[in-house]
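Commentary on secondary and tertiary structure
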Amino acid sequence: MVTLTIAIGLLPYLIHVGAPTDGLTLATARFIQTGENTERVVSLPHRWTPENLFELTTGTYRLAFRLETVPDEPLFIFIPAARHQVETWVNGQRADPVPDTAWPTPTSGYSFLARIPRGTLHAGDNALVVRQTRKVGWLPGRLSEVSIGTADQVMPAYRLSDFLIEEIRAMTFALHIALTIGIATIWITRRHDAVFGWLATLSVTSILVVLTQAPQHALGPVDQFRSIALTPAVGLMAIGMALAIAGLPRPKWLVPAVVLLPLALLLLGQTGTVPFAIVGLVSACFLAAAYFVASAILAHRFAREENWDAAIMMGPCALTGWFALHDVLVVTGIHDAPFLHAPYARTLLLLAITVVLMGRLARSLNSLDNANETLRQQLAAQEWELVLMHEKEKIHANRMVREEERRRLMRDLHDGMSGHLVTIIALAEREGERGKDIEQAARAALDDLRLVVHSLDLGDGDLGVALAAFRERLEPQMRRLGIDLHWSTEKLPAVTGVTPQNALSVLRILQEAVTNAIRHGAARKLSIQGQTAPDGQALLCVFNDVHGTALQDRSNIGNGLRNMHRRARELGGHIEFLVTENAATLRLSFPPHLPGLQ
C-alpha cells in the first residue's frame, strides 16, 4: 500500500501528455485578453490572469502554420493541456470538437481535440485562433503547445490523456458510489463503530461535492457554492475518521463544527460579506490543513501501537493534503502546472478505504473462525468431561451397589448366623463341662463372624478404627482367660488404601497370632504394639510370654504361620516370627499405602 501511495503521488509528475513527436507543433502565438488593445507574442505553454483576478473574461491566441500540401485524410487540432473552455477556428471556420463526456473538468485541466473541416485548409500559410473563456474566476487560464496532425499522429496521445483524465475519473466515481453504498450498509448494522460512521459520512459528502462541481456552471450559482462550502466539512470528517481509526476520543466540538462551518461559509458568501473566491480559497486551505492533521494523527498512532489501519490511511491523507496544497498554489498563480491534482487524491483515498474495509472484514472473519474453533474445543472438552463424569458416576453407582450388598450381607450375617451362634453358646453353657468345647468353638466362630462383618464396613484410612474395634473384642476375652493385655498403636503411621479385604488380612494375622499365643504358648502376658520402621514401613508386633514346653513342637502352628505369610504378601509386606526360651514375637510389616485389593 505504501508503494501504491508513492506511485499515485508521483503519477502526475511521471506521466506527461505532450505534443505528438511526428505532428506539427505550434509553440508561439500572439495573445490578447478581452479589454486589451494590443496583442503580444507569447511562448506556449502560457498562463494568463486578468487584471481583476476574479473577472470572467476571454483570452485569444492567434497562431500561424504553413502546409506545403493539404493531405487527403482529415487533420485534427490537439491541445494536450488546457484550462477553461476552449474553442478553435481555422481560417475563420470553427473546428468541430470531439464530443465531451460528463467527466472532463475544464477548470481542473483537460486535453482538447477538434477536427478541422474539409476544405478549410490550403497549401501555404494558415491561421488558427484559440479562444479560452474563463468560467471560474479564481483559476488562471493556461494553454499548452498546439499540435496539428492526422488521426494516427494525435490519437495515441489523446487516448492516454482520455484515460488519465476521463476514464480514471469515471472509474473513481463508480468505485466511490459502490463503496459508499457498502460503507453505509455496514454502518447501519454497526452503528457503534465510529470508523464506519465517519467513513460513511465522508463518502456521502464527497459524492455531493463531485456532483455539484459541474463544469458548465459559471461562477456564483448556489450549487457551485455549496460544493465549496462543503469542502471544510470533508476535512473535519477526515480528522474524525483518523481519530476513530486511531482509537482516540472525539472532541466535543468536532461534530457541531462539521455542520456549522459550511453553514457559516455559505452565509458569508451568499450575503457578499466575503468575496466568493476568498471563501473558496479559505475552504481549500482548510481542507489541506485538515488532511495533514489527519495524517499526523494516524502516523502518531502507528508509531506508538503499530496500527496498520492507521498506516494504510496515513499516506493517502498526507497525499490528499499535498495535492490540495498544490492546487491552491496553482490557483493563486504561485505555481504553474497543467492539471489540478485533487481528483487523483480521491482515487487513492478510495483504494485505501477499500483496503482498510477488507482488512477489517478479514480480521472479523478470522476472529469469528477463532471463536468457532475455541467453542469447538470447549465443546469437545465439555463432552470429554461429561464422559468422565459419566464413567465416574458409573463407578460410584457400582460402588454404591457393592456397598449396599455389603450392608445387606452384614445385616444377614449379624441377624442370622450370629443369633444362631449365640444360641449354641447358651445351650453349651447349660451342659456344663460337656458343652465346653462347643462353647469355645461357637465363640471362636462368633468372633470370626464379627471380624468379617466389621471389616466390610471399612474404608480408606480406617485401619486405626479396625484395630480399635479388634481391641474392644479382644479385651473381654483376655480378662476371661486371665491374660494381661498391653495395647499401644499410637506410633503406627497413617495407613491409606484400606479396603475391606486388606483390612481383614491385617485383622486375621493379629487374630491368628493371638490365638497361637493363647492356644500354643500358654501366654499369661500379651502385648500388641504399633510402630514405624526405620524405612517408613508400618510395623505391628505381637509379643507373649511362653510357659512350659508348648512351643517346642513347632509343627502345631505351621499351617497358621503359612497363612499369615500368605496374607502378609498380599499386603505387600512380610512376617517375622521369633521364639526364645521365655517369649515369642511376631512382627508384621507392611507399606503405609496398601495395595488396592478388592
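Structure: see above.
For the structure given in this document, a descriptive report is provided here. The structure displayed is predicted, hence computed values, not measured ones.

Here we take up the pairing of strand S2 (residues 28-33). Bridge analysis of S2 against strand S3 (residues 40-43) gives four bridges, and the strand direction is antiparallel. Across the sheet, alanine 29 pairs through a bridge with valine 42, a residue of S3. Taking the residues that link successive antiparallel strands as the turn, the S2-S3 hairpin has six residues, and the phi of glycine 35 there is positive, at about 100 degrees. Judged from the four bridges that link them, S2 and strand S5 (residues 58-67) form a sheet pairing that is antiparallel. The residue of S5 that forms the bridge with arginine 30 is arginine 62.

The next point concerns a negative patch on the surface. Negative charge collects at one region of the surface, where Asp22, Asp72, Glu73 and Asp152 lie side by side. Summarising the element assignment, aspartate 152 is placed in helix H2 (residues 151-189).

Its location among the elements puts threonine 57 in the loop between strand S4 (46-48) and S5. In this view, threonine 57 contacts Gln33, Thr34, Trp48, Pro50, Gln132, Thr133 and Arg134; residues no more than four positions away in its chain are not counted.

Structurally, proline 591 can be placed in the segment after strand S18 (583-590). Residues proline 591 and glycine 572, spaced 19 residues apart in sequence, show a C-alpha to C-alpha distance of 6.6 Å. Beyond its immediate chain neighbours, meaning those up to four positions away, proline 591 contacts Val495, Gln537, Leu571, Gly572 and Gly573.

For the structure on display, the rule yields 11 salt bridges. Here glutamate 39 and arginine 30 are joined by a salt bridge, their closest N and O atoms 3.4 Å apart. In this structure glutamate 39 comes out as partly exposed when scored by relative accessible area, which is 30%. Glutamate 475 serves as the salt-bridge partner of arginine 471, at 2.9 Å between the closest nitrogen and oxygen. Separated by four residues within a single helix, arginine 471 and glutamate 475 lie in helix H10 (residues 463-481), roughly one turn from each other. Overall, the relative accessible area of 32% leaves arginine 471 in the partly exposed class. Taking relative accessible area as the criterion, glutamate 475 reaches 27% and is therefore assigned partly exposed. Among the charged side chains, a network of salt bridges with common partners joins Arg30, Glu39 and Arg62.

A few words on a nonpolar patch on the surface. There is a patch of nonpolar side chains on the surface, built from Met358, Leu361, Leu365 and Leu368 and spanning about 380 Å² of accessible area. Mapped onto the secondary structure, leucine 368 falls in helix H8 (residues 342-430). Looking at leucine 368, the relative accessible area reads 47%, which means it is partly exposed.

Moving on, we come to the sheet that holds strand S17 (residues 574-579). Overall, mixed pairing links the five strands, which are arranged S14-S15-S16-S18-S17 in an open sheet. Looking at strand neighbours, the two that pair on one side only are strand S14 (484-488) and S17, the edges of this open sheet. Across this sheet, the average inter-strand angle for adjacent strands is 10 degrees, counted without regard to direction. Note that S17 and S18 share six bridges and pair antiparallel. Directly across from histidine 574, in S18, lies its bridge partner serine 589.

What counts and how
- Residues numbered from 1 in each chain as written.
- Predicted model: local features only at pLDDT ≥ 70, side-chain atom pairs only at ≥ 80, totals over all residues.
- Heavy atoms only, no water.
- Pairing = 2+ DSSP bridges.
- Helix = DSSP H or I, 4+ residues; strand = E, 2+ residues; numbered from the N terminus.
- Patch = residues over 30% accessible without salt bridge, like charges linked within 9 Å, V, L, I, M, F, W, Y side chains within 5 Å.
- Areas by Shrake-Rupley, 256 points an atom, 1.4 Å probe, with all protein chains shown as cover.
- Salt bridge = Lys/Arg side-chain N within 4 Å of Asp/Glu carboxyl O.
- Lys, Arg positive; Asp, Glu negative; His and termini not counted.
- Charge placed at Lys NZ, Arg CZ, Asp CG, Glu CD.
- Contact = heavy atoms within 4.5 Å.
- Buried < 20%, exposed > 50% of the residue type's maximum accessible area, 1.4 Å probe, protein only.
- Axes fitted to C-alpha atoms, helices over the stretch in contact; angles between N-to-C directions.

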